[in-house]
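Architecture and fold: a report
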Amino acid sequence: DVKVTQSSRYLVKRTGEKVFLECVQDMDHENMFWYRQDPGLGLRLIYFSYDVKMKEKGDIPEGYSVSREKKERFSLILESASTNQTSMYLCASGPGLQNTGIRNQPQHFGDGTRLSIL
Amino acid sequence: QKEVEQDPGPLSVPEGAIVSLNCTYSNSAFQYFMWYRQYSRKGPELLMYTYSSGNKEDGRFTAQVDKSSKYISLFIRDSQPSDSATYLCAMTSTTNAGKSTFGDGTTLTVKP
């Protein structure tokens with residue numbers, strides 16, 4: 001079974017802090033993703049990565065950055081946390097072109113980090 | 001208009017009922033069609049997926065894809081209280097390189 005592990009289930013931080021959310025997958029997947037999920041807004045893609053040291057902006061990248069130094073690990077960084085970044089953050093991974101020869105196979109999610117910014 | 005529209009719900013049914021969850025889409029390039037189940041305070045769990053058109057069955061769950069109508073469905077037979085969750089449809093295409101487009105979810109409650 002695919003396992004996507006997010007470092008914290010719940011996190012409380014203060015406005016202006018730099019916040020790191022970590023995600024690790026154990027399936028050697030090429031593709032990794034960060035989403036946020038808010039009531040009434042659904043899942044929104046923040047950033048994604050197709051390979052080590054590669055990153056692409058999603059739909060709402062403002063205020064966030066990412067790091068992928070190793071294939072299994074994808075980190076989301078809130079450069080200066082603000083109250084409107086209070087949300088559920090979900091990491092996902094999926095096989096990519098080199099894994100299976102098929103580019104767009106389904107993603108698997110972690111259990112999320114519920115982040116509160118005070 | 002959104003690329004993927006999902007019946008909003010919420011849906012409440014008695015235990016044992018047949019449940020139908022539905023999504024429509026506009027992008028003809030979608031090839032993979034997924035259903036995720038999300039319990040409260042948990043991440044989405046990949047329930048089933050199909051490639052292109054057709055049906056796929058897994059126990060009490062059946063996924064249907066009708067590409068001509070741009071319509072997908074998830075049927076749950078003999079629904080159980082443990083099926084109470086939010087169900088998300090999702091789709092990917094060759095043109096968006098691994099990214100998925102998600103519906104907003106339908107919340108299902110199965111009453112004992």
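Now for a look at the structure at hand.

What counts as what
- Residues numbered from 1 in each chain as written.
- Chains lettered and ligands numbered in written order.
- Predicted model: local features only at pLDDT ≥ 70, side-chain atom pairs only at ≥ 80, totals over all residues.
- Heavy atoms only, no water.
- Pairing = 2+ DSSP bridges.
- Helix = DSSP H or I, 4+ residues; strand = E, 2+ residues; numbered from the N terminus.
- Axes fitted to C-alpha atoms, helices over the stretch in contact; angles between N-to-C directions.
- Contact = heavy atoms within 4.5 Å.
- Buried area = accessible area lost by both parts, 1.4 Å probe.
- Salt bridge = Lys/Arg side-chain N within 4 Å of Asp/Glu carboxyl O.
- Polar contact = N/O pair within 3.5 Å; in protein donor to acceptor, adjacent residues only side chain to side chain.
- Nonpolar A, V, L, I, M, F, W, Y, C, P; charged D, E, K, R; others polar.
- Core = buried A, V, L, I, M, F, W, Y, C linked by side-chain atoms within 4.5 Å.
- Buried < 20%, exposed > 50% of the residue type's maximum accessible area, 1.4 Å probe, protein only.

The strands making up a sheet are joined through hydrogen bonds of the backbone, oriented either antiparallel or parallel. Residues and elements named next belong to chain A. Read from one edge to the other, the open sheet built from four strands follows the order β1-β3-β8-β7, with strand pairing classed as antiparallel. This sheet does not close on itself; its edge strands, each paired only once, are β1 (4-6) and β7 (64-70). Averaged over neighbouring strand pairs, the angle between their axes works out to 20° when direction is ignored. In the sheet, strand β3 (residues 19-25) pairs with strand β8 (residues 73-78) via six bridges, with the strands oriented antiparallel.

At the junction of the two partners, chain B supplies 22 residues and chain A supplies 24 residues. Both faces combined, the contact of chain B with chain A buries some 1900 Å², and carbon together with sulfur accounts for 54% of it. Three residues, Tyr32(B), Arg41(B) and Lys99(B), lead the burial of chain B against chain A; their summed loss comes to 28% of the area buried on that side. Run the count over chain B and chain A and you get one salt bridge. Among the salt bridges present, the one from Lys42(B) reaches Asp111(A), with a minimum N-O distance of 3.2 Å. Where chain B meets chain A, there are six residue pairs in polar contact (both at pLDDT 80 or more). Mapped onto the side of chain B that touches chain A, the elements with two or more residues apiece are β4 (30-38), β5 (45-51), β9 (85-93) and β10 (100-102) of chain B. At five residues, β4(B) tops the list of elements feeding residues into the side of chain B that touches chain A. Looking at the side of chain B that touches chain A, its residues break down into nine nonpolar, nine polar and four charged.

Before going further, it helps to spend a moment on the pairing of β7(A). Residue and element names in this part refer to chain A. The sheet contact formed by β7 and β8 spans five bridges and is antiparallel. In the strand pairing of β8, Ser-65 is matched with Ile-77. Taken together, β7 and the strand that follows it, β8, pair antiparallel across an intervening segment of two residues.

This part covers the nonpolar core. Nonpolar side chains tend toward joint burial in soluble globular proteins. In this structure, Trp35(B), Ile72(B), Leu74(B), Tyr87(B) and Met91(B) are the most contacted members of the largest nonpolar core, which totals 24 residues. Only β3 (19-25), β4, β5, β7 (61-66), β8 (71-76), β9 and β11 (106-111) of chain B provide two or more residues apiece to this core. Contact partners of Leu74(B), with chain neighbours within four places excluded, come to Val19(B), Ser20(B), Leu21(B), Trp35(B), Leu47(B), Met48(B), Phe61(B), Thr62(B), Ala63(B) and Tyr87(B). In this structure, Leu21(A), Met32(A), Phe74(A) and Leu78(A) belong to the second largest nonpolar core, which totals 20 residues.

Residues and elements named next belong to chain B. Across the nine residues that make up β4, a large majority, eight, are buried. Pairing analysis gives eight bridges linking β4 to β9, with the strands arranged antiparallel. Bridged to Gln-38 within β9 is Thr-86. In the sheet, β4 pairs with β5 via six bridges, with the strands oriented antiparallel. In the sheet register, Met-34 faces β5, and the bridge partner there is Tyr-49.

Remember, this is a structural readout, not a statement about activity or role.
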